[in-house]
Structure formats: C-alpha cells, structure tokens
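Geometric and topological summary
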Amino acid sequence: MEINLNRIDYLQVGVISQKTMRLLPALGRKATQKVAVADHDGVITCFGMKKGEAVPVFKTLPGQKITRLDLGGALGTPQEKIFVCAGSEVKGYTKKGKQFLSFEANLTESINAMHVSGADLFVCASYIYNHYCDCKDQDYYLSGDKINDIVCLPAENLGRIVPVLACQDRVLRVLQGSELVYDIEVPGPPSVLELYNRDGGTNGEDILYGTVDGKLGLIRITDSSSSSKWEIDNEKKKGGVLCIDTYDILGDGVKDILVGRDDGTVEVYGFDSSNEPTLRFEHVLLESVTSIQGGCVGKESYDEVLTATYTKKNTRWVTGLTTEPQQAEAGPGDEVKMSRETQSKVAALRAELDQLQMKVVQGREKYQQTAQSSTAVSAMPVFSINDKFTLCQDDASYSLTLEVQTAIDNLLLQSDVPIDLLDVDKNSAVVSFSECDSEPKGNFLLVTYRCQANTTRLELKVRSIEGQYGTLQAYITPRLQPKTCQVRQYLIKPLSLHQRTHTIEQDRPMNTLSLVGQFSFAEIHSWVLFCLPEVPEKTPAGENITFYFQNTFLGTQLEATYCKGEGHFKSDNISTISILKDVLSKEATKRKNNLDISYDINDDSVGHTLKMIHPKLEYQLLLAKKVQLIDALKELQVHEGNADFLIPEYRNILDESAYLLEEYKKQPAHLERLYGMITDLFIDKFKFKGQNVKTKVSLLLEVLDNYDLDSLMNFFNEA
C-alpha cells in the first residue's frame with residue numbers, strides 16, 4: 001500500500017534540539033491535536049489549528065536553552081502534562097500553560113536526555129543517570145560512555161521500572177535500580193530510543209533504536225536477556241537517525257514507523273505479511289529533522305506526519321506531511337478555483353509578505369544611517385552551527401556535516417595533515433583548490449567551497465592517513481552583514497581509521513606492545529584518547545579497562561588493555577603497533593614520564609596483513625587498467641563504427657565505462673594509499689628488528705608495479 005503525503009508549514013519557532021516537540025492527546029478519536037514545541041531560547045510554544053491558521057494556546061517567556069521535552073501524567077490517564085529540561089532544571093506545565101513544577105536536579109552538567117513515567121523522572125547528563133520519584137532521589141548510575149538517550153519500559157505492563165540507556169559505545173544498557181543488569185550490542189552508536197507502538201508492543205518489552213550512522217532496529221528486552229527482532233541497514237548512505245515515532249499513517253490498522261534523519265529525510269516504514277518493515281514513503285525536507293510525531297493536527301480526520309526542522313535564520317518550521325488532498329495546480333487555460341478559506345490564506349500571506357518587505361527596507365535604511373555615524377560600532381551577528389564529524393565504516397572516510405541557521409556564503413577548509421577529499425553527490429558547491437606550502441608551515445590542504453544561494457547544509461567527505469595526525473579546520477562564512485566567520489576544529493587522530501567494536505578474533509597472529517612506567521590510570525587513558533577515536537573522554541570507572549577496535553579500511557584489529565602503571569596493546573598489523581609506540585612514547589616524553597617499552601613481533605602477522613590488503617589492491621589495479629583502456633577502446637569503436645569486432649572482455653569495459661569512471665573518480669589516490677600501506681608495513685617490520693630498509697623501497701615499488709601476492713610475500717621474507 002502506497003501513500004501520498006503533502007507538505008504544510010504550520011509555525012516558525014526558534015532553533016530546537018532533538019526530541020523537543022510532542023503532540024498532546026486528542027480529545028476525540030479523530031479530533032485535531034495541540035502541538036507543544038520548545039526551543040533554544042527557552043520558549044515553550046503550544047498551539048492548535050483553527051480554520052487553517054495556527055492559534056497559540058500558550059507561550060512561555062524566554063529562558064535557558066531547552067534540550068528535551070516530554071509528556072507525562074498519572075499512570076492510566078492521558079499524558080498531557082508538559083515537562084522540559086533546561087540546564088540541570090526540570091519544569092512542568094499543564095496543557096493550559098500553568099507551571100506546576102520547578103525541580104533542580106543539582107547535576108554538574110546539563111541534562112541532555114529525559115523520560116517521564118507517572119511520578120518517576122529519569123534524567124541523564126553526559127555520563128550520569130539519575131532516577132527521582134516525587135522529586136526524591138532514588139537511583140544513580142555512572143555510564144562507561146556518553147549517554148545519548150533514555151527510555152523506560154512501561155511500568156504498568158511489567159510491574160517494575162526498567163530504564164534503558166543509549167550509549168555512544170554502541171551499547172544499550174539495561175538497568176535495575178542503580179545496577180547494570182546487562183548490556184545489548186547494537187550495530188552503531190545509538191542516537192535515539194522509542195517505545196515500539198508507544199507502549200512497548202504487546203508485552204511492553206519492545207524498543208526501537210536509531211543510530212548515528214543511519215541504522216534502525218527493534219529489540220525485545222526481557223528480564224535477563226534481549227533479542228533482535230529486525231534491523232534495517234543504511235545501504236543508501238542516508239543521514240543519521242535523530243527521531244522515531246510509531247503511528248498508523250497508512251490506515252491499515254498496523255502502526256507504522258516514522259523516522260527523521262539529520263540529512264532532512266523523512267521515512268514511513270509499513271509492515272508486510274511477514275511482519276518485516278518496508279519503506280512506503282520518503283520525503284526530503286533539506287533540513288535536519290530534529291523531532292517527528294504522527295497524529296492529526298491540520299484538519300479533523302486527516303492523519304499526518306508532523307516534523308520540526310533546523311533551517312534558516314528565524315524560520316525553523318514545524319511542518320506537517322498530511323494525508324489531506326491538496327488542490328491541484330491549474331494548467332494553461334484552466335480556470336483557477338479557490339475556496340474562500342484558501343483565498344483568505346493567500347491574502348494573509350501577501351499582506352505578511354508586504355509587511356516583511358517594508359521591515360527589510362526600513363532596517364536597511366536604519367543600518368546605512370547608523371553605519372555613517374562616527375560613533376557607530378559594528379556588532380558581529382551571532383549564528384549557530386550544527387556540525388558533525390563522524391567516521392563512516394563502509395568507505396573508511398570521515399563525513400563532515402555543517403548546518404547553519406542562515407545561508408552559507410563560503411567555506412574554507414584547511415588541514416595541517418595530508419587528507420584526501422572525496423566526492424559527495426549531494427554537494428552542489430563550487431570547489432576551488434589553492435596551492436599549499438606544506439614544508440615550513442605544515443599546510444597540506446587549502447580548499448574553498450562557494451555555495452549556491454540558500455544553501456544552509458553542506459556535507460563533505462575526507463579520508464586521512466593513519467600515522468599522520470593534526471587538525472582539520474573549517475572556516476564558515478554565512479550570508480550576513482557585516483561579514484563574519486566562525487572556525488570549527490576537528491582532530492585527525494594517529495589511528496583515525498579505527499572504530500570501536502565489541503569483540504575481536506583472538507586466533508589471528510598478534511603483535512604486542514607493552515608499556516610500564518610511573519603513570520596514573522587517567523594519564524594513560526588520555527594518551528589512548530589522543531591516539532584513537534570513539535574513546536570516552538571521561539576516565540573509566542574501576543582499576544583497568546579493555547577496548548577493542550577494528551580498522552575500517554583494512555579490517556585489522558587492535559586490543560587495548562591498560563591500568564595504572566601498565567598498558568598492553570595487541571594488533572595483527574605491525575604498522576598499528578609502530579604508530580602506537582611512536583605516539584605514546586612522544587606523549588609520555590612531553591609529560592616527562594619514563595616508559596619501559598617492550599614488544600613481541602609475530603612474523604606471521606605480516607603475511608596475514610598482506611592477504612587482507614590483497615583483494616583491495618587487486619581490485620584497484622584492475623580498475624586502473626580498465627580505466628586506462630576506455631579512451632582507446634572508444635576511439636576504435638568510433639573508427640570501426642561498432643564494437644562487435646572486440647573480444648567480450650573489451651566490450652564489457654565499454655558497456656561499463658560510465659560505472660568504471662565513476663568508481664575511479666570516487667576513490668582518488670586509492671591505489672597510492674594501498675602502496676603506502678604496504679611500504680609502511682615493509683619499513684615497520686624491519687624497524688622492530690633494528691634494520692633500516694628504506695633503500696629497498698624502490699625495489700618494493702617495482703614488485704608492486706608487477707603485482708603478484710606470492711612475489712610480494714617472497715620479497716618481504718627475503719629482504
């Protein structure tokens with residue numbers, strides 16, 4: 001069953017955070033619902049629709065930035081009380097706007113996630129979870145990594161409180177009281193949690209989750225274990241999931257899953273006969289969707305998907321995708337017929353547009369007069385930037401997403417380490433590269449993106465080289481007067497292509513690096529944090545910790561175990577151990593710590609790593625060879641009039657020429673990167689034996705030019 005939804009913009013609000021818009025319960029079965037939305041200015045706006053116009057129910061005064069909004073009330077009654085958190089304070093309002101609660105949680109950090117259930121309040125700061133009942137402290141838990149969201153299984157179904165935390169280390173943590181019952185591994189860092197069907201499903205045990213890298217899944221949580229019901233991979237490389245809801249928008253009696261992503265994609269998943277989710281509707285809003293709800297807002301009996309987005313300055317919209325049929329546009333010669341309601345809407349919009357144009361003219365005149373005054377002081381316009389710098393597992397690249405509340409004029413990207421820029425289909429900006437003086441100033445990349453008008457979101461992809469670390473800087477200049485610019489910095493870490501994982505294969509040939517010295521647990525944790533991504537900033541609780549990592553480019557592994565005065569690192573890639581040895585000893589020297597470094601090198605690991613590189617290198621060599629033949633084959637085809645005389649292999653190259661060129665374009669310097677990895681592996685192998693083989697690198701490159709895996713392995717063994 002397919003569905004057609006039409007966009008309607010309802011109301012402009014301030015900049016809003018994730019999960020800060022909710023629909024209040026309807027008074028009747030198909031009656032319209034009120035909308036509550038909270039913004040960064042600390043304003044809560046509650047409105048309903050009447051005769052096609054947004055009518056405010058109440059609006060609070062500005063205050064501290066609101067980071068979450070939830071609905072609550074006594075169990076078994078309509079959940080129509082509005083709760084918001086700002087800083088470390090939680091406030092409660094009735095549906096009419098009267099404040100009945102002001103509770104200070106006394107947390108050292110701001111609350112970033114909240115759940116309300118009856119008299120129970122659950123709040124989370126970065127690493128801390130607190131449970132309050134009737135505003136009295138009940139439970140406390142310190143998480144091993146940053147908490148992104150929280151949800152509780154319904155107490156009325158289970159007879160007990162079961163909080164579930166979504167943590168950055170790819171884990172859902174199930175709690176009982178102040179204790180961890182068990183944790184659940186998920187395929188990516190979870191960004192949002194929601195109860196399935198809004199009540200946890202039939203047994204009240206089902207939870208939907210969305211991840212930072214765009215995956216979606218359903219998990220059933222029982223007393224002592226969990227089971228995954230289904231999982232949707234992000235094959236089309238869409239944005240990360242920011243919000244989820246369940247609502248029967250298709251009208252088939254089964255609640256559908258509504259998903260909002262940070263690239264502006266809104267999705268509706270229905271269920272087929274095998275109870276598997278299937279994509280039924282997709283719409284792109286071009287702005288990140290921070291909240292999503294299913295309900296009835298605009299007109300009675302017409303269901304819709306309500307979204308709140310982050311977009312241009314002063315125009316953050318609450319937008320509906322409604323099932324209400326919209327009037328078809330008139331074609332040439334057709335008579336345009338509009339209802340009185342539509343005519344009044346158009347007239348009101350025209351009047352509002354005239355007023356805005358008048359305000360703009362007056363504002364410009366006032367600015368010009370002020371600017372000419374000798375005592376005038378130019379004030380820098382303030383604008384917010386929503387940015388994200390994440391490692392993509394599929395192509396071992398970093399995705400940099402920048403979203404500004406006003407149109408972007410240009411972006412300057414500068415890096416003090418060598419990185420490759422990869423093509424992004426969604427990016428329509430004009431790219432200009434500048435020559436860099438890398439030797440004295442360490443400036444390896446200088447590139448400008450000139451954006452088209454009304455571009456508020458820019459997505460870039462870069463790939464770093466492990467072992468080379470530094471800073472990537474983005475200078476964002478919006479279309480504002482006077483001209484102003486904000487700088488954002490992103491760390492490129494020494495082992496930047498490594499990603500946290502839950503387990504590793506212990507039967508691989510491993511190399512070991514051991515450190516012993518007079519350093520604290522916090523000190524060695526700071527060194528590991530400096531070297532590797534996805535390591536929590538806070539020093540872990542306990543006396544020791546073990547982290548597992550996987551190289552997203554090669555698939556090699558790393559195990560890091562450390563405690564006060566001791567650290568052990570195991571990897572099946574000698575180059576990883578070499579980078580760690582160099583960087584950790586350098587960091588320890590900076591802090592005047594003496595280290596006793598020992599290592600155990602397994603020669604079998606070299607052949608193992610070469611075998612892991614082999615399929616990638618073979619593919620790239622074959623791709624490069626095919627791309628080199630395309631122009632010559634096309635000339636022959638033009639000269640002969642057709643390609644029938646060519647052997648099937650060459651005909652296939654011509655048929656697939658567009659795809660081959662696209663693949664080659666997507667992977668700039670890919671072959672050189674693989675050559676570099678093999679060269680580093682060769683140098684590192686003999687470096688640990690105290691031998692300098694840099695003079696033999698030219699011979700290695702000759703072997704690579706006539707690549708054969710056996711010949712390469714023989715060269716490594718005989719060198």
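Residues numbered from 1 in each chain as written. Predicted model: local features only at pLDDT ≥ 70, side-chain atom pairs only at ≥ 80, totals over all residues. Heavy atoms only, no water.

Position of T20 relative to the elements: it lies in the loop between β1 (6–13) and β2 (21–23). Within the local environment of T20, its side chain forms a polar contact with the backbone oxygen of S17, the two atoms lying 2.7 Å apart. The residues touching T20, leaving out its near neighbours within four places in the chain, are A36, V37, A38, I66, T67, R68, L69 and S291. (Helix = DSSP H or I, 4+ residues; strand = E, 2+ residues; numbered from the N terminus. Polar contact = N/O pair within 3.5 Å; in protein donor to acceptor, adjacent residues only side chain to side chain. Contact = heavy atoms within 4.5 Å.)

A few words now on the sheet that holds strand β19 (residues 206–211). One open sheet accounts for four strands, arranged β18-β19-β20-β21; its pairing is antiparallel. This sheet does not close on itself; its edge strands, each paired only once, are β18 (190–195) and β21 (226–232). Strand-to-strand twist across the sheet, computed as the mean angle between neighbouring axes with direction ignored, equals 25°. (Pairing = 2+ DSSP bridges. Axes fitted to C-alpha atoms, helices over the stretch in contact; angles between N-to-C directions.)

Next up on the list: the packing of aromatic side chains. This structure, assessed with the given rule, holds 16 aromatic pairs. A ring pair is formed by F58 and Y93, whose centres lie 6.5 Å apart and whose planes are at 20°; its orientation type is stacked. A residue pair is termed long-range when its members are at least 10 positions apart, and F58 in strand β5 (residues 53–59) and Y93 in strand β8 (residues 89–93) qualify at 35 residues. The exposure class of F58 is buried, given its relative accessible area of 9%. By relative accessible area, which is 7% here, Y93 ends up buried. In textbook terms, an aromatic cluster arises when at least three aromatic residues are bridged by ring pairs, as seen for F521, F547, F549 and Y562. A cation over an aromatic ring shows up here: K81 above the ring of F100, its NZ or CZ 5.9 Å from the ring centre. Lying over the aromatic face of F553, K616 brings its terminal NZ or CZ to 5.6 Å of the ring centre. (Phe/Tyr/Trp six-rings, centres within 6.5 Å; stacked < 30°, edge-to-face > 60°. Buried < 20%, exposed > 50% of the residue type's maximum accessible area, 1.4 Å probe, protein only. Lys NZ or Arg CZ within 6 Å of the ring centre and 35° of its normal.)

Tracing the backbone shows G363 in helix α2 (residues 340–371). By relative accessible area, G363 is classed as partly exposed at 38%.

Attention shifts here to the pairing of strand β35 (residues 457–464). For β35, the buried fraction is high: eight of the eight residues fall into the buried class. Burial along β35 is two-sided: the face carrying R457, E459, K461 and R463 and the face carrying L458, L460, V462 and S464 are both buried. In this structure, strand β30 (residues 397–404) lies alongside β35, joined through six bridges in antiparallel fashion. What sits directly across from T401, in β35, is E459. Bridge count for strand β32 (residues 419–422) against β35 is four bridges, and the pairing is antiparallel. Within β35, the residue paired with I419 across the bridge is S464.

Before going further, it helps to spend a moment on the environment of M380. Here M380 shows up in the loop between α2 and β29 (385–392). Considering only alpha carbons, one finds M380 and K483, 103 residues apart in sequence, at a separation of 8.1 Å. The contacts of M380, once residues within four sequence positions are left out, are K483 and T484.

What follows concerns the pattern of salt bridges. Opposite charge on two side chains permits pairing when their charged atoms draw close. Within the structure shown, the criterion is met by 35 salt bridges. D145 serves as the salt-bridge partner of R500, at 3.8 Å between the closest nitrogen and oxygen. Of this pair, R500 sits in strand β38 (residues 498–501) while D145 sits in the loop between β13 (136–142) and β14 (147–153), and the two are 355 residues apart along the sequence. Residues R500 and D145 agree in their burial class; the two are buried. In this structure, a network of salt bridges that share partners links the residues K19, R68, D149 and E194. (Salt bridge = Lys/Arg side-chain N within 4 Å of Asp/Glu carboxyl O.)

In this section: unusual backbone geometry. Of note, K19 is a non-glycine position whose phi angle comes to about 55°, a positive value. As for its placement among the helices and strands, K19 is situated in the loop between β1 and β2. One non-glycine residue, R170, adopts positive backbone phi at about 65°. Topologically, R170 is positioned in the loop between β15 (162–167) and β16 (171–176).

Another point: the pairing of strand β25 (residues 277–284). The sheet contact formed by strand β24 (residues 265–271) and β25 spans seven bridges and is antiparallel. Pairing of F271 across the sheet is with P277, part of β25.

Time to look at the confidence of the model for the protein chain. Where the model shows low pLDDT, its predicted coordinates should not be examined in detail. When pLDDT is averaged across the protein chain, the result is 88; 95% of the residues are at 70 or more. Confidence, expressed as mean pLDDT per element, reaches its minimum in the protein chain at helix α3 (residues 438–441) with 66 and its maximum at strand β41 (residues 557–563) with 96. (pLDDT = per-residue confidence, 0-100.)

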